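Residue-level structure breakdown
Chain by chain, the residues:
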Amino acid sequence: MLSEEQIDRAAQLLKSARLAKKSIDCIPEDIRPKSIEDAYAVQSRFLGIMGWNVAGWFLANTNIKIQELIRYTKPFYGRRFTDLVFTSPARIKMSEFQSIDLECEFGFSLKHDLPKRGKDYSQAEVEEAIATVHPVIDIVAPYLKNWTEHDIFSIIADNGADGALVYGEGVSDWRDLDLINMDVTLSVNGTIVRRGTGADVMRDPVAALVWIVNARANAGDGLRAGCVHHTGTATALFRDIKAGDEVVATFNGLGAARAKFI
């Protein structure tokens, strides 16, 4: 287990990479997290050092293709920062990130907070708390060079390889939609480059939301209303974005999120 001093050194290293917008080769062995507890401790310390406001949480690694890519089969979570959340259509400056990958995700806003309590929330309780469901483009922008080749605890420490979020207009009558079987596509400059369905998100995007609600409630704070929380990609990672590209994540029946990279 990492000491407080080691946790702080790892977080300071990740802070320096963020501020310089440059990737690092790795977290050095002597301060590298060795467990999920270490990884989340570094992630939390990084937030404390940066002082950034949190605008929701995201669940990652809910798609089997991503699990195969990073060689880990369990979901994990990270923070979404206020200044990196955009409404669709968005113009994204590529210079703000040292690398960019794309995913298509289901976003959820809540009617009320789901705070820490003495027992887990049921799926029925979480469903009742959902205000709107949104189409989302997740911009994955890690600060570990060749990030998918790193160990999972380093990836989690790097705030789960977060980048930015672009979300489309929400739908309040989401119960009328079949989220599980919903077709999801990612197109770049009018050409579809990735396909998936809601079932690719832990077999059910709402079940994925329940997972992160309870994970965060057990960790001490739960999920807040007024944010868009998202639950992992329905499509495989897309890794070939260039300046000038126009991207659309289309969720059949739900809507779309759009971004142009400049």
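What comes next concerns the included structure. The model shown is predicted, which means the values in this text are computed figures rather than measured ones.

**Quick look at unusual backbone geometry**
A cis amide bond links S88 to the next residue, P89, at an omega of -5 degrees. Within the fold, P89 resides in the loop between β3 (85–87) and β4 (90–92). Unlike most non-glycine residues, K21 shows phi in positive territory, near 55 degrees. Relative to the assigned elements, K21 resides in the loop between α1 (4–20) and α2 (36–50). The class for K21 is partly exposed, based on a relative accessible area of 32%.

**So, the side chain of T132**
Among the secondary structure elements, T132 is positioned in strand β6 (residues 130–140). For T132, a relative accessible area of 18% gives the class buried. At 2.3 Å, the side chain of T132 and the side chain of S109 are in polar contact. In terms of polar contacts, T132 uses its side chain to reach the side chain of H134, at 2.8 Å. Residues within four places of T132 in sequence aside, it is in contact with G107, F108, S109, G170, V171 and S172.

**Considering the layout of surface pockets**
Empty space within the largest pocket amounts to approximately 380 Å³. In terms of lining residues, the largest pocket is bounded by 19 residues, among which W52, D83, L84, E96 and F97 are the most central. Per-class residue counts for the lining of the largest pocket are nine nonpolar, three polar and seven charged.

**Remarks on the pattern of salt bridges**
This structure, assessed with the given rule, holds 18 salt bridges. With its nearest N and O atoms 3.7 Å apart, the salt bridge here joins K260 to E246. In this pair, K260 sits in strand β12 (residues 255–261) while E246 sits in strand β11 (residues 246–251), placing the two residues 14 residues apart along the sequence. What makes E246 partly exposed here is its relative accessible area of 44%. When salt bridges with common partners are traced through the structure, they connect K111, E127, E128 and R175 into a single cluster.

What counts and how
- Residues numbered from 1 in each chain as written.
- Predicted model: local features only at pLDDT ≥ 70, side-chain atom pairs only at ≥ 80, totals over all residues.
- Heavy atoms only, no water.
- Helix = DSSP H or I, 4+ residues; strand = E, 2+ residues; numbered from the N terminus.
- Buried < 20%, exposed > 50% of the residue type's maximum accessible area, 1.4 Å probe, protein only.
- Polar contact = N/O pair within 3.5 Å; in protein donor to acceptor, adjacent residues only side chain to side chain.
- Contact = heavy atoms within 4.5 Å.
- 1 Å grid on protein atoms, 1.4 Å probe; cavity = no way out; pocket = protein on both sides within 12 Å on 5 of 7 lines; lining within 4 Å.
- Points joined across faces, edges and corners; volume = space filled by probe spheres on them.
- Nonpolar A, V, L, I, M, F, W, Y, C, P; charged D, E, K, R; others polar.
- Salt bridge = Lys/Arg side-chain N within 4 Å of Asp/Glu carboxyl O.

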